[in-house]
Amino acid sequence: MGDDIRRNMALFPIGIVMKLTDLTARQIRYYEQHELIVPARTAGNQRLFSFNDVERLLEIKALIEKGVNIAGIKQVMNPVSKESDDATIVSEQSEVKRKELSDAQLHRLLKQQLLEKRPGQASLIQGQLSRFLNKR
DNA sequence: ATTCTCACA
DNA sequence: TGTGAGTA
């Protein structure tokens, strides 16, 4: 799997992930505390999430809605894999260029991401995707 | 304007 | 989990 790195590239800040997953910042940080996700951090201690993180959050959200608690989710979900954690922080550039990335290049990545996922989960993601793209 | 940690009338 | 405080 080559583009595995791309899936683990830390791209977006918590604000975008909130719109992407419909979770509150509180919840996202809470799940991180319980090691359900391990987002990367910028030099300024800002969280940077990857597609993997977002997908995991969507899975977590689905389970939570089914009444599963943190303990249960930890068992159902594979504990954050080995060194596959975000080592590549894509952001941390000039403000302007950062927005360029999260607009043009992001669309390209999102498209690829959707193509590689199975129809079932892909549609699930597209739902969140629409809301994300309608941000302004 | 955003995000972060901490703490609880 | 929400939310406000005080930062970076």
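What counts and how
Residues numbered from 1 in each chain as written. Chains lettered and ligands numbered in written order. Predicted model: local features only at pLDDT ≥ 70, side-chain atom pairs only at ≥ 80, totals over all residues. Heavy atoms only, no water. UniProt positions renumbered as here; feature names shortened; annotations may be inferred. Helix = DSSP H or I, 4+ residues; strand = E, 2+ residues; numbered from the N terminus. Near = heavy atom within 4 Å. Polar contact = N/O pair within 3.5 Å; in protein donor to acceptor, adjacent residues only side chain to side chain. Nonpolar A, V, L, I, M, F, W, Y, C, P; charged D, E, K, R; others polar. Phe/Tyr/Trp six-rings, centres within 6.5 Å; stacked < 30°, edge-to-face > 60°. Buried < 20%, exposed > 50% of the residue type's maximum accessible area, 1.4 Å probe, protein only. Axes fitted to C-alpha atoms, helices over the stretch in contact; angles between N-to-C directions. Parallel < 35°, antiparallel > 145°, perpendicular 65-115°, else oblique. Contact = heavy atoms within 4.5 Å. Arc of directions from axis to C-beta. Core = buried A, V, L, I, M, F, W, Y, C linked by side-chain atoms within 4.5 Å.

Topic: the UniProt feature "domain: HTH merR-type" (unreviewed entry) in chain A
Piece 1. With numbering aligned to this structure, UniProt lists the feature "domain: HTH merR-type" (unreviewed entry) at residues 11-79.
Piece 2. Secondary structure over residues 11-79 splits into 57% helix and 6% strand, and the C-alpha atoms at its two ends are 21 Å apart.

What about the protein's contact with DNA strand B?
Piece 1. All residues adjacent to DNA strand B are P13, I14, G15, R29, R41, N45, Q46 and R47.
Piece 2. Within 4 Å of the protein, the atoms of DNA strand B are drawn from sugar and phosphate moieties in a proportion of 91%.
Piece 3. Here a phosphate oxygen of DNA strand B sits 2.6 Å away from a polar atom, N or O, in the side chain of R29.
Piece 4. Within the side chain of R41, one N or O atom sits 3.1 Å away from a phosphate oxygen of DNA strand B.
Piece 5. Its residues assigned to classes, the surface near DNA strand B comprises two nonpolar, three polar and three charged.

Thoughts on the protein's contact with DNA strand C
Piece 1. Around DNA strand C, a shell composed of T24, R26, Q27, Y30 and Y31 is seen.
Piece 2. Within 4 Å of the protein, the atoms of DNA strand C are drawn from sugar and phosphate moieties in a proportion of 35%.
Piece 3. The separation between a phosphate oxygen of DNA strand C and a polar side-chain atom of T24 is 2.9 Å.
Piece 4. Taking Y31, its side chain carries an N or O atom lying 2.9 Å from a phosphate oxygen of DNA strand C.
Piece 5. Class assignment for the residues of the surface near DNA strand C results in two nonpolar, two polar and one charged.

Looking at the packing of aromatic side chains
Piece 1. Under the counting rule described, the total for this entry stands at two aromatic pairs.
Piece 2. For the ring pair Y30 and Y31, a centre distance of 6.1 Å and an interplane angle of 65 degrees mean the geometry is edge-to-face.
Piece 3. Judged by its relative accessible area of 33%, Y30 is partly exposed.
Piece 4. For Y31, a relative accessible area of 4% puts it in the buried group.

Topic: the packing of helix α2 (residues 14-21) against helix α3 (residues 25-33)
The angle between the axes and the distance between the axes are what describe a pair of packed helices.
Piece 1. For the pair α2 and α3, the least separation of the axes is 9 Å and the interaxial angle reads 100 degrees. Overall, the two elements α2 and α3 adopt an arrangement that is roughly perpendicular. Contact with α2, carried on its side by I14, V17, M18 and T21, involves A25, I28 and R29 of α3 and no other residues of that element.
Piece 2. In terms of residue class, the contact of α2 with α3 is made up of five nonpolar, one polar and one charged.

Observations regarding α3
Piece 1. Those residues of α3 that sit buried are A25, I28, Y31 and E32. Taken end-on, α3 shows its buried residues confined to a sector of 130 degrees, consistent with a single buried face. Away from its buried face, by an angle of more than 90 degrees, α3 presents the exposed residues R26 and Q33.
Piece 2. For α3, the elements touching its buried residues are α2, β1 (40-41), β2 (47-48), α4 (51-65) and α5 (70-76).
Piece 3. Just past α3, the residue E35 takes up positive phi, approximately 55 degrees.

A look at the nonpolar core
Piece 1. Counting 23 residues, the largest nonpolar core has F12, V17, I28, Y31, F49, L57 and I60 as the members making the most contacts within it.
Piece 2. Among the secondary structure elements, those contributing two or more residues to this core are α2, α3, α4 and α5.
Piece 3. With six residues, α4 is the largest single contributor of residues to this core.
Piece 4. Aside from chain neighbours lying at most four places away, what touches Y31 is L23, L36, I37, L57, I60, I64 and I70.

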